Amino acid sequence: MTIHSVLLAEPRGFCAGVDRAIEIVEKALLKFGAPIYVRHEIVHNNFVVDALKKKGAVFVEDLNDVPPGATLIFSAHGVSRTVQQEAQARGFSIFDATCPLVTKVHVEVAKLHKEGYEFIMIGHKGHPEVEGTLGQIDSGIHLVESVADVASLRPAQTERLAVVTQTTLSVDDTAEILAVVKDKFPTVRQPKQQDICYATQNRQDAVKLLSNQVDIVIVVGSPTSSNSTRLQELAHRMGADSYMVDSATELQPQWFVGKSSVGLTAGASAPEVLVQEVITQLRLMGAVSVRKMNGLLENTKYPLPKGLRSSS
Ligand code: SF4
């Protein structure tokens, strides 16, 4: 048996926050010329980052690597207050490409902190978004990565305790951790609307439906991308063989032995051109039918910062 059909997840690929972040770098390059400095990869996708490097973007982790007077962009994942204040103090011309849905979590943390709240943050240690959110306040925010971590939580008080989460987590894992948190701290305050973003939720919902209809699922995304990794894990949990590839060149013929139907999706930071290259490769491997799943149409769009809008 060889590959016969490809089913495309809907929605898949770029979200509004990623679209906006890439556009900020492109517009800044056009308006101010190269080099434009970006703190951290603007989004977690190797193809996107390499393409912007070729246009003159310089990606740095340390503000010491940014020369005086430079234009600096914060990545879609957001930054801590320390980074923000240091960048301002050094006088860089700053554009903030932090996704508005991450900024919303930062605003919530700062507001409740002033009201005396302590926080439990559900997220992955070391992820730049988590570092940015933890760094919104100096103390009183505890990171948990798993149900097991909840057992060792010892907040200083429990009357004013709130939960926030990374935006790109597994919806199911987070619900499980949250249930254990609520069990241990029944009065804990949850976000009014879940912090996991619409794009992460929609792509996970779509991959659940997709996984039930195919023999194997391919996720286009870079290994550093949290939401792409969650899609691959979810397809696997749903019982489908699943693999994540950065590009079509990583597809391995042996994955498809005995598989007739292939499901294809892409993380929120993976461009559609890479999905199309995977489709071309799957056609060369025998696929004769390529069709889209029925799915949600996303029409979220976020405005660019002042100074980069067409009229400014
Ligand atoms: Fe924003 Fe979600 Fe996209 Fe991240 S995945 S940039 S939080 S919309």
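Residues numbered from 1 in each chain as written. Predicted model: local features only at pLDDT ≥ 70, side-chain atom pairs only at ≥ 80, totals over all residues. Heavy atoms only, no water.

**A short note on the nonpolar core**
Then comes step 1: Grouped together as the largest cluster of nonpolar side chains are 26 residues, with contacts concentrated most on Val 25, Ile 42, Val 43 and Ile 73.
Then comes step 2: Mapped onto this core, the elements with two or more residues apiece are helix H1 (16-32), strand E2 (36-39), helix H2 (46-55) and strand E3 (57-60).
Then comes step 3: The element contributing the most residues to this core is H1, with 7 residues.
Then comes step 4: Formed by 21 residues, the second largest nonpolar core is a distinct cluster that contains Ile 216, Ala 248, Ala 266 and Leu 274. (Core = buried A, V, L, I, M, F, W, Y, C linked by side-chain atoms within 4.5 Å. Buried < 20%, exposed > 50% of the residue type's maximum accessible area, 1.4 Å probe, protein only. Helix = DSSP H or I, 4+ residues; strand = E, 2+ residues; numbered from the N terminus.)

**Some thoughts on the packing of helix H8 (residues 198-211) against helix H9 (residues 226-237)**
Then comes step 1: Viewed as axis vectors pointing N to C, H8 and H9 meet at an angle of 25 degrees, and their least axial separation amounts to 9 Å. Regarding the angle of H8 to H9, the classification is roughly parallel. Our pair here, H8 against H9, has a crossing hand that is right-handed. Only Asn 227, Arg 230, Leu 231, Leu 234 and Ala 235 of H9 make contact with H8, whose side of the interface consists of Thr 200, Arg 203, Gln 204, Val 207, Lys 208 and Ser 211.
Then comes step 2: Classifying every residue of the contact of H8 with H9 by side-chain character gives 4 nonpolar, 4 polar and 3 charged. (Axes fitted to C-alpha atoms, helices over the stretch in contact; angles between N-to-C directions. Parallel < 35°, antiparallel > 145°, perpendicular 65-115°, else oblique. Left-handed = near helix turned anticlockwise from the far one by under 90°. Contact = heavy atoms within 4.5 Å. Nonpolar A, V, L, I, M, F, W, Y, C, P; charged D, E, K, R; others polar.)

**Here's the deal with the domain arrangement of the protein**
Then comes step 1: In terms of domains, the protein is made up of domain 1 (5-14 + 198-292), domain 2 (16-98) and domain 3 (101-184).
Then comes step 2: Taken over C-alpha atoms, the centre of domain 1 sits 29 Å from the centre of domain 2.
Then comes step 3: Across the boundary between the two partners, domain 1 contributes 13 residues, which contact 11 residues of domain 2.
Then comes step 4: Summed over both partners, the interface of domain 1 with domain 2 buries about 930 Å², with 55% contributed by carbon and sulfur atoms. (Domains from an automatic or database assignment. Buried area = accessible area lost by both parts, 1.4 Å probe.)

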